[in-house]
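Fold and geometry: a report
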Amino acid sequence: MGIEGIGARVVRKEDKRFITGKGRFTDDMVVPGMKHAHFVRSQHAHARIVSIDTSAAEAMPGVIGILNGKQLTEDGIGNIICGWMIHSKDGSPMNMGAWRPLATDTVRYVGDAILVVVADSKAQARDAAEAVIIEFETLPVVTSAVKALEAGSPQIHPEAKSNLIFDWGLGDEAAADAALAGAAHVTELNIVNNRLVPNAMEPRAALGVYDAAEDHYTVWTTSQNPHVARLVMSAFYNVAPENKLRVIAPDVGGGFGSKIYIYPEEIVCLWASKRTGVPVKWNGDRTEAFLTDAHGRDHVTTVRMGFDADNRIVGLKVDTVANLGAYMSLFSSATPTYLYATLLSGQYNIPAIYGNVRAVYTNTAPVDAYRGAGRPEATYVMERTMETAARELGVSPADLRRKNFIRSFPHQTPVIMCYDAGDFEASLNAAMEASDYQGFAARRAEAASRGKLRGIGMSCYIEACGIAPSAAVGSLGAGVGLWESAEVRVNAVGTIEVLTGSHSHGQGHETTFAQLVTERFGVPINNVSIVHGDTDKVQMGMGTYGSRSGAVGMSAIVKALDKVEAKAKKIAAHLLEADEGDIVIENGELKVAGTDKSVPWFQMALAAYTAHNLPSGMEPGLKEGAFYDPSNFTFPAGCYICEVEVDPDTGKTQVVQFVAADDFGKIINPMIVEGQVHGGVAQGIGQALLEGTVYDADSGQLLTASYMDYTMPRADDLPSFQVSTTETPCPSNPLGIKGCGEAGAIGSPPALINAITDAISTNNLSMPATPQKVWMALQAGK
Amino acid sequence: MTTVTMTVNGRPVSGQCEDRTLLVQFIRENLGLTGTHVGCDTSQCGACVVHVDGKAVKSCTMLVAQAHGSTVVTIEGLASGGELHPVQAAFREHHGLQCGFCTPGMIMSATDMISRHGGKLDEKTVRAELEGNICRCTGYHNIVKAILSAAETMHGARQAAE
Amino acid sequence: MYATTYHRASSIDDAVSKATGEAMYLSGGQTLIPTMKQRLAAPTDLIDVRHVASMKGIEVHGDTVHIGAATPHAEVATSASLRAVCPGLADLAAHIGDPHVRHMGTIGGSIANNDPAADYPSAMLALNATIVTNSRRIAADDYFTGMFETALEPGELVVAVEFTAPAKAGYGKFPNPASRYAISGVFVAKHKDGAVRVAVTGAGADGVFRHAGMEAALAASFTPDALSGISVDASNLMSDMHASAEYRANLVKVMARRAVAAAG
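Source: prediction; values computed, not measured. (Residues numbered from 1 in each chain as written. Chains lettered and ligands numbered in written order. Predicted model: local features only at pLDDT ≥ 70, side-chain atom pairs only at ≥ 80, totals over all residues.)

**So, the overall build of chain A**
Applicable threshold: A helix here means a DSSP run of H or I that spans at least four residues, while a strand means a run of E at least two residues long, and both kinds are numbered starting from the N terminus. The atom set for the radius of gyration is the C-alpha atoms, and the globule formula is 2.2 Å times the number of residues raised to the power 0.38. Here the C-beta atoms are placed from the backbone, and a residue counts as buried if at least 20 other C-beta atoms lie within 10 Å of its own, exposed if 12 or fewer do, and partly exposed otherwise. Distance between backbone-placed C-beta atoms decides contact: two residues are in contact if it is within 7 Å.
Assigned secondary structure in chain A consists of 20 helices and 28 strands. A compact globule built from 782 residues would reach a C-alpha radius of gyration of about 28 Å, and chain A, at 27 Å, matches this within 12%. Viewed in the frame of its principal axes, chain A has a C-alpha envelope of about 85 × 75 × 55 Å. The burial tally for chain A puts 61% of its 782 residues in the buried class. The long-range share in chain A, meaning contacts at least 24 apart out of those at least 6 apart in sequence, stands at 80%.

This is the structure:
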């Protein structure tokens with residue numbers, strides 16, 4: 001490892017622009033003639049639109065145009081799609097209700113867009129929006145997925161037959177039933193996985209520019225995957241043909257899944273730019289983010305786990321109702337199915353598993369993948385159940401897990417996944433040691449002397465990321481392939497540009513991807529530039545989500561680097577009159593192994609472009625591209641141990657220690673990996689302790705629509721984290737890396753709830769464990 | 001409409017805007033200083049923090065007219081002569097930022113915090129004083145480290161100068 | 001925000017003369033500006049009093065404390081002269097909002113607004129403070145008349161608060177985890193004549209209120225344990241998704257104990 005190569009804690013190349021205020025986010029973009037959009041949204045959770053009167057609004061100062069859904073339909077703009085087909089157990093396809101970018105007849109959740117007002121200033125657009133008169137006929141509302149399944153519930157999409165989108169199963173139900181029937185002990189839990197609002201700090205934004213002279217469209221947008229946005233906008237929404245549409249995702253202020261999807265606003269801004277003849281910018285505010293960003297989680301689950309007399313798991317049955325909101329977002333169907341039930345084996349040998357998932361429409365914001373996407377829900381089910389089972393069986397939580405760990409690899413689970421590598425005991429041991437697990441009893445006693453209730457909880461998670469391979473996901477219903485592309489351009493002076501289809505919105509790709517190149521060719525890291533986020537620069541890519549940029553995106557770069565290296569060695573061998581097989585690359589030079597003959601990297605590059613002296617028949621230049629399609633998922637795993645102190649007077653929980661021991665395979669930049677774990681764990685603690693999304697059951701109003709009511713984790717809610725890693729390299733990709741972006745959010749919630757329930761001696765506590773809820777649990781136990 | 005004049009990052013500026021214009025809008029839209037961000041509507045996230053007359057304030061919760069005649073420093077004005085401010089340097093050194101959106105507000109808050117507390121900051125104080133700044137990426141771990149490190153650097157430098 | 005017209009007042013008289021029609025006084029603006037941004041308030045004119053010199057600053061003469069209405073929370077929190085005679089009030093100010101809010105928000109703005117979850121109203125009641133306006137002096141007991149309601153007449157401007165420093169005072173606050181406003185805040189003051197006043201914010205269905213039972217108990221013995229036998233009636237308390245009335249009743253008692261402990 002060099003000081004800038006793989007494994008080095010290289011300080012980030014991208015930081016300077018952010019710390020000096022020179023980052024370029026979508027809302028920072030200004031183009032000549034630019035005007036401002038404000039969306040008129042539904043105040044009702046479910047209503048028929050009787051009439052719309054924009055006459056007064058159109059006469060307001062600064063108004064350029066007010067556009068509606070009928071005009072959108074006239075112009076052939078398509079429905080918003082769901083990109084993953086799920087079939088129910090009976091073989092029927094999922095029930096899709098139409099999602100129009102601007103609603104025409106019916107609105108189905110508070111925030112549903114109806115009109116867009118374009119005006120000279122943001123304030124004028126909003127002034128005019130208030131002058132629009134819309135008459136609604138309100139309809140009955142349902143916000144709970146369980147209630148939406150009941151007979152007589154309000155029907156949300158008339159064309160979708162019922163509110164049930166699909167009734168899907170994975171695994172062998174008969175085998176799971178038989179195993180549970182014969183079990184010596186069955187642990188049963190009812191579990192709610194609370195709905196979360198992603199809350200990337202940069203609200204979504206879009207700037208659409210139509211150039212009539214060129215008949216060309218450009219959109220700057222807050223996207224995690226600009227190429228997917230271009231593909232979908234062109235192929236499904238008919239906004240513009242792909243060759244006439246440029247999508248730019250510049251600096252993007254966090255995503256966590258919520259910026260994967262193509263939302264109505266960016267479609268409408270582009271379309272409105274053509275309709276009005278001016279560039280149209282929309283910058284969402286935080287209230288709009290709460291109302292309209294795709295939410296996460298929202299599962300209601302019953303789990304039954306059976307054990308034999310020796311405390312080995314014999315079977316598992318899980319029944320989940322997943323709330324998908326008013327419309328099916330882009331990957332909403334995959335999240336509670338193939339990203340969830342496939343992880344129900346956890347880290348354990350379980351011979352029989354069956355998971356049943358019913359996905360349901362409600363009058364709430366669409367729900368889709370949010371950091372972890374399905375895997376936090378699975379982990380929460382597994383690890384709450386394991387901890388509860390240990391308490392019921394009277395054995396230590398660690399021993400119960402140890403007894404059931406999978407220890408030989410590859411391991412085929414009953415729910416599709418084939419785990420390729422891991423050492424679960426190693427991370428459990430590392431976490432127990434780091435947390436001084438043995439010393440807990442003394443700490444608990446010391447806390448009791450201060451009047452505090454101290455508890456400890458653990459969570460042993462496994463997840464699947466680097467979602468892949470394309471053929472496999474295609475067979476499961478995905479509408480896209482999940483490969484990645486890369487292009488490596490060696491310039492004539494030896495500097496290098498790497499074009500990637502991955503997109504960085506905080507992950508530090510400009511640094512880690514450059515470290516990879518530096519490691520391979522010995523060029524200084526400042527001579528390597530990473531290019532991403534612009535469909536005019538990078539041909540195609542699948543973007544960044546599901547912790548895929550390392551395992552998939554970097555693997556594509558490795559493939560392209562392999563090709564560059566092969567050609568570079570041919571050129572060097574020719575220049576040095578040596579055999580190409582004898583050329584090695586060391587310290588920025590191409591050398592003949594075992595001799596003092598060498599040519600510097602930049603001279604080889606120059607030779608490629610002068611083309612004065614190349615091997616016979618070789619094309620000039622040095623630029624190679626590659627597409628990488630993985631052969632398997634990667635399986636990060638680890639153990640988290642959390643300690644809390646509860647104030648019995650108020651119910652307030654303080655997280656006093658949090659230990660993470662993760663196995664991410666090979667690590668490129670430990671500093672960045674640790675940062676990813678910190679952030680993920682903070683979001684997991686947020687889910688477990690602070691963040692609850694509340695809709696009023698009668699009106700469907702979002703009651704937690706600002707930071708006044710939705711508790712974002714703040715610095716004083718969190719401790720400093722103790723983070724470490726163990727390493728089993730991933731065998732399925734060339735770098736041996738697994739992915740670290742989501743693990744923290746996946747593994748942490750059950751550790752925290754297990755700790756609180758340990759502190760207050762109950763198994764019955766739902767997330768978020770607010771002070772009031774914990775206090776009430778304590779009163780109930782008195 | 002109102003005419004405002006003030007000093008921003010050491011430069012006298014003036015502009016005409018509606019009375020309802022917020023300081024952050026003036027900074028971003030009139031002056032083109034887009035490092036100051038808006039992340040919420042309820043004065044809580046702190047992405048918009050700037051210094052007005054030497055004190056950290058939320059520029060989304062102040063009319064530009066209220067700042068008429070004031071001295072304003074934004075994130076763009078913190079580094080001097082191409083040299084990063086110690087807080088900026090510490091955020092980079094300790095990986096105190098990921099997506100970078102909350103970062104300008106964090107840094108402006110941190111410089112204010114350090115100037116108010118001198119070298120007497122500890123982790124608990126830093127965490128409490130960050131109440132008005134929300135970050136969704138870092139879990140605050142490295143932000144806290146960066147601020148403590150910068151406080152030590154700046155305090156050490158001050159002591160050395162005395 | 002709806003269109004409005006900004007005026008900067010140079011004196012109390014100047015401010016009052018400008019306050020006509022649908023005008024509102026603007027002090028630190030930390031509540032008013034966000035409310036206007038959400039279009040929940042639409043004053044035609046804003047009269048900025050933050051630059052009125054006679055409304056700023058803290059003066060302590062013997063036992064008498066005078067705090068100008070336009071004094072920001074940060075100054076109240078860090079004033080050495082105030083801390084010397086009433087550290088409880090400085091501690092309260094140190095936990096209002098966040099550091100940026102404390103640099104702008106003012107004591108006058110807070111008590112003029114009388115948010116049921118604001119901190120200062122409880123201190124004013126417990127300290128038996130006098131609210132000084134441009135035209136009269138109002139006892140705190142008469143000033144806070146209900147949720148977001150005060151005895152102020154239209155156009156009347158709070159210019160200062162005054163109180164006699166107590167023997168002991170302390171504040172216990174349990175913040176809403178999201179907004180960090182008090183879902184229960186209790187200010188206790190033991191006055192030099194032996195009287196004890198206890199005022200509760202964040203919890204009352206009708207805004208800030210005094211608790212006679214706790215006052216009597218603490219007058220007998222100014223210790224946390226003196227409150228052990230006291231019950232707080234939940235029926236007059238707010239109930240919302242963050243805290244039921246029953247939970248608030250518990251918090252009032254717990255925060256009162258902590259306030260007494262903090263008072264020393």
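**Overview of helix α16 (residues 549-576) of chain A**
Each α-helix turn comprises 3.6 residues. Residues three or four places apart therefore point the same way. Selection rule: Expected span of a helix: the number of residues minus one, times 1.5 Å.
Between its first and last C-alpha, α16(A) extends 37 Å over 28 residues, near the 40 Å set by a 1.5 Å rise per residue. A:E577 sits one or two residues past α16(A) and shows a positive phi near 50°.

**With respect to the environment of A:T495**
Residues and elements named next belong to chain A. Structurally, T495 can be placed in the loop between β19 (484-490) and β20 (496-500). Residue class for T495 comes out partly exposed when judged on the 17 C-beta atoms lying within 10 Å of it. C-alpha separation for the pair T495 and P264, spaced 231 residues apart in sequence, amounts to 41 Å.

**Re the interface of chain A and chain B**
Test applied: Three classes are used: nonpolar for Ala, Val, Leu, Ile, Met, Phe, Trp, Tyr, Cys and Pro, charged for Asp, Glu, Lys and Arg, and polar for all others, with Gly counted as polar.
Residue-level contacts link 43 residues of chain A with 44 residues of chain B. For the side of chain A that touches chain B, the secondary-structure elements that each account for two or more residues are α1 (15-19), α9 (286-292) and α18 (670-690) of chain A. For the side of chain A that touches chain B, the class distribution of residues is 19 nonpolar, 14 polar and ten charged.

**Regarding the sheet that holds strand β18 (residues 453-462) of chain A**
Residue and element names in this part refer to chain A. Filter applied, for reference: Strands were regarded as paired on the criterion that DSSP finds at least two bridges between them. Comment: axis = line fitted to C-alpha atoms, over the contacting stretch for helices; angle = value between 0 and 180 degrees taken between N-to-C directions.
With mixed pairing, four strands are arranged side by side in an open sheet as β18-β26-β27-β28. Two strands close off the open sheet at either side, each with one partner strand: β18 and β28 (722-726). This sheet shows a mean twist of 15° between the axes of neighbouring strands, independent of strand direction. Relative to strand β27 (residues 653-663), strand β26 (residues 637-646) runs antiparallel, the two sharing ten bridges. Opposite I641, over in β27, you have V659 as the bridge partner.

**Remarks on the packing of α16(A) against helix α17 (residues 601-610) of chain A**
Between two packed helices, the angle of one axis relative to the other and the distance separating the axes together describe the packing. Residue and element names in this part refer to chain A. Selection criterion: Oblique is the label for every angle not falling under 35 degrees (roughly parallel), over 145 degrees (roughly antiparallel), or within 65 to 115 degrees (roughly perpendicular).
Orientation of α16 relative to α17, taken along the N-to-C sense of each, is 95°, at an axis distance of 10 Å. The orientation of α16 relative to α17 falls into the category roughly perpendicular. Note on element contacts: α17 touches α16 through M604, A607 and A608, opposite A568, I571, A572 and L575. Its residues assigned to classes, the contact of α16 with α17 comprises seven nonpolar, no polar and no charged.

**Description of the confidence of the model for chain B**
Condition: The pLDDT value tells you how sure the predictor is about a given residue, anywhere from 0 up to 100.
Residues of chain B with pLDDT of at least 70 account for 99%, and the chain-wide mean is 96. Interface scoring of the predicted complex returns ipTM 0.97; its pTM is 0.97.

**Looking at the packing of α18(A) against helix α19 (residues 743-760) of chain A**
Residue and element names in this part refer to chain A. Stated formally: In this scheme the crossing of two helices becomes right-handed for a clockwise turn of the near helix relative to the far one and left-handed for an anticlockwise turn of less than a right angle.
Packing of α18 against α19 brings their axes to within 7 Å, and their N-to-C directions diverge by 40°. The angle between α18 and α19 falls in the class oblique. Helix-helix and strand crossings are classified by hand; for α18 and α19 the assignment is right-handed. Every residue of α19 that contacts α18 at Q676, V677, G679, G680, V681, Q683, G684, I685, Q687, A688 and L689 is listed here: A743, G744, A745, G747, S748, P749, L752 and I753. Split by residue class, the contact of α18 with α19 holds ten nonpolar, nine polar and no charged.

**Quick word on the nonpolar core**
Where we set the bar: A set of buried Ala, Val, Leu, Ile, Met, Phe, Trp, Tyr and Cys residues, joined through C-beta atoms within 7 Å, is what we mean by a nonpolar core.
Core analysis: the biggest nonpolar cluster contains 397 residues, and A:V117, A:L752, C:F187 and C:V188 have the highest contact counts within it. Filtering out sequence-adjacent residues up to four positions away, A:L752 remains in contact with A:G457, A:C642, A:V644, A:V655, A:I685, A:A688 and A:L689.

**Description of the environment of B:A65**
Positionally, B:A65 belongs in the loop between β4 (55-58) and β5 (71-73). Counting along the chain gives 60 residues from B:A65 to B:T5, while the straight-line C-alpha distance between them is 9.0 Å. Those residues within four positions of B:A65 in sequence are excluded, and the remaining contacts are B:T2, B:V4, B:D19 and C:Y6.

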